[in-house]
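Structural description and commentary
If you want the building blocks of each chain, they are given just below.
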Amino acid sequence: GAVVSQHPSWVICKSGTSVKIECRSLDFQATTMFWYRQFPKQSLMLMATSNEGSKATYEQGVEKDKFLINHASLTLSTLTVTSAHPEDSSFYICSALPLVGTDTQYFGPGTRLTVL
Amino acid sequence: DQQVKQNSPSLSVQEGRISILNCDYTNSMFDYFLWYKKYPAEGPTFLISISSIKDKNEDGRFTVFLNKSAKHLSLHIVPSQPGDSAVYFCAASSGTYKYIFGTGTRLKVLA
C-alpha cells in the first residue's frame, strides 16, 4: 500500500518551454501533497505544499509564477515548470500524506528534468 | 540555517555488523522524526519513524533512538546487509507535516 507515482520519470526540454509533472497517489487519498527538489548530492528541499481544492503554499524563495501547482483531486497534484531554463534542471520529487491513519509522507519515484 | 544535520556524509560497514547513522537537529519544536532510504534517481522510501513522546522505536532490523535532551537521533541497522547500501536521510517535522531533511549519509555495506 501507500504507492505514489510520478509521470514522466524523466524529461528533456528546450529552454523557454513549459513542462508538467504529475503526482498520483495510487491506493490512497491525500488532501496534502508536497513538491521537493533535489540537486546532486544535496538534501531534498521542500518547494511547496499542495492542498486539494486550494492554492498551494510556497516556501520562501520559490517563485509561484514559475512553479505552478494544481491539486485538482484527492489523488492528483501537478507541478508545471513554466518557461524552463537550464538552472531549473533538477530532480523533482512529490510526496503525499494519506488522508487518515498516519503522519508519514509517501514519496514518488521522482522526475529528472533536463533543460537544454 | 541547517536545522537537521547528518554530519557523516558516508559510512562503510561489514555485512552482518551493525550500522549506526546519526542525525542532529536544532529546533526543539520538532516532534516527529523519520528515516528514509534513497537510491539514486529514485524517490525516498520510508523506513521508520518516532514521535517525541518515545525514545525508541523498533521495526525488524531497524531501530531508531531519540535523545531529546541532546537533540539527537540515530538509526541502527542490525545485521547490515549489502541491500542496505543506499543514502539515508533523516527528516523532522513540527506538527505541520512539513519535513525538514538532513543532507543524507551514504551507507555502503561490504560483503
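Here we summarise the structure given alongside this text.

Focus: the overall build of chain B
Counting its secondary structure elements, chain B contains zero helices and eleven strands. Listing the helices and strands of chain B from first to last along the sequence gives β-β-β-β-β-β-β-β-β-β-β. A compact globule built from 111 residues should have a C-alpha radius of gyration of about 13 Å, and chain B, at 13 Å, falls within 12% of that. Overall size of chain B, expressed as C-alpha extent along the three principal axes, is 40 × 30 × 20 Å. Buried positions account for 43% of the 111 residues belonging to chain B. The long-range share in chain B, meaning contacts at least 24 apart out of those at least 6 apart in sequence, stands at 54%.

Describing the overall build of chain A
When helices and strands are tallied, chain A shows zero helices and eleven strands. Across chain A, helices and strands are ordered from the amino to the carboxyl terminus as β-β-β-β-β-β-β-β-β-β-β. For 116 residues, the compact-globule formula gives about 13 Å, and the C-alpha radius of gyration of chain A, at 13 Å, lands near that figure. Here the C-alpha coordinates of chain A stretch approximately 40 × 25 × 20 Å along the principal axes. Looking at chain A residue by residue over its 116 residues, the buried ones come to 48%. For chain A, restricting intrachain contacts to residue pairs at least 6 apart in sequence, the fraction spanning at least 24 positions comes to 55%. Total accessible area on chain A stands at roughly 5700 Å², and carbon and sulfur atoms take up 54% of it.

Looking at unusual backbone geometry
That bond from histidine 7 of chain A to proline 8 of chain A is cis: its omega, 0°, falls within 30 degrees of zero. Positive phi outside glycine occurs at serine 83 of chain A, with the angle close to 45°. By the secondary structure assignment, serine 83 of chain A is in the loop between strand S8 (76–81) and strand S9 (90–97). Positive phi outside glycine occurs at lysine 71 of chain B, with the angle close to 50°. Residue classification places lysine 71 of chain B among the partly exposed positions, given a relative accessible area of 26%.

Overview of the environment of valine 100 of chain A
Residues and elements named next belong to chain A. With respect to the helices and strands, valine 100 occurs in the loop between S9 and strand S10 (106–107). Owing to a relative accessible area of 67%, valine 100 belongs among the exposed residues under this scheme. For the pair valine 100 and alanine 30, spaced 70 residues apart in the sequence, the C-alpha separation amounts to 8.4 Å.

Considerations on the pattern of salt bridges
For the coordinates displayed, the defined rule picks out five salt bridges over all chains. As a salt-bridge pair, lysine 98 of chain B and glutamate 59 of chain A come within 3.0 Å of each other at their nearest N and O atoms. Placement of the pair is lysine 98 of chain B in the loop between strand S9 (86–93) and strand S10 (100–101) and glutamate 59 of chain A in the loop between strand S6 (57–58) and strand S7 (67–73), with the two residues belonging to separate chains. Looking at lysine 98 of chain B, the relative accessible area reads 31%, which means it is partly exposed.

Brief notes about the sheet that holds strand S3 (residues 19–25) of chain A
Residue and element names in this part refer to chain A. Strand order in the open sheet formed by four strands is S1-S3-S8-S7, and the pairing between neighbours is antiparallel. In this open sheet, the two strands that pair with only one neighbour each are strand S1 (4–7) and S7. Strand-to-strand, the axes of this sheet are offset by a mean angle of 15°, without reference to chain direction. Pairing geometry for S1 and S3, over four bridges, is antiparallel. Residue pairing across strands places histidine 7 opposite glutamate 22, the latter belonging to S3.

Conventions used here
Residues numbered from 1 in each chain as written. Chains lettered and ligands numbered in written order. Predicted model: local features only at pLDDT ≥ 70, side-chain atom pairs only at ≥ 80, totals over all residues. Heavy atoms only, no water. Helix = DSSP H or I, 4+ residues; strand = E, 2+ residues; numbered from the N terminus. Rg over C-alpha atoms; globule rule 2.2 N^0.38 Å. Buried < 20%, exposed > 50% of the residue type's maximum accessible area, 1.4 Å probe, protein only. Contact = heavy atoms within 4.5 Å. Areas by Shrake-Rupley, 256 points an atom, 1.4 Å probe, with all protein chains shown as cover. Salt bridge = Lys/Arg side-chain N within 4 Å of Asp/Glu carboxyl O. Pairing = 2+ DSSP bridges. Axes fitted to C-alpha atoms, helices over the stretch in contact; angles between N-to-C directions.

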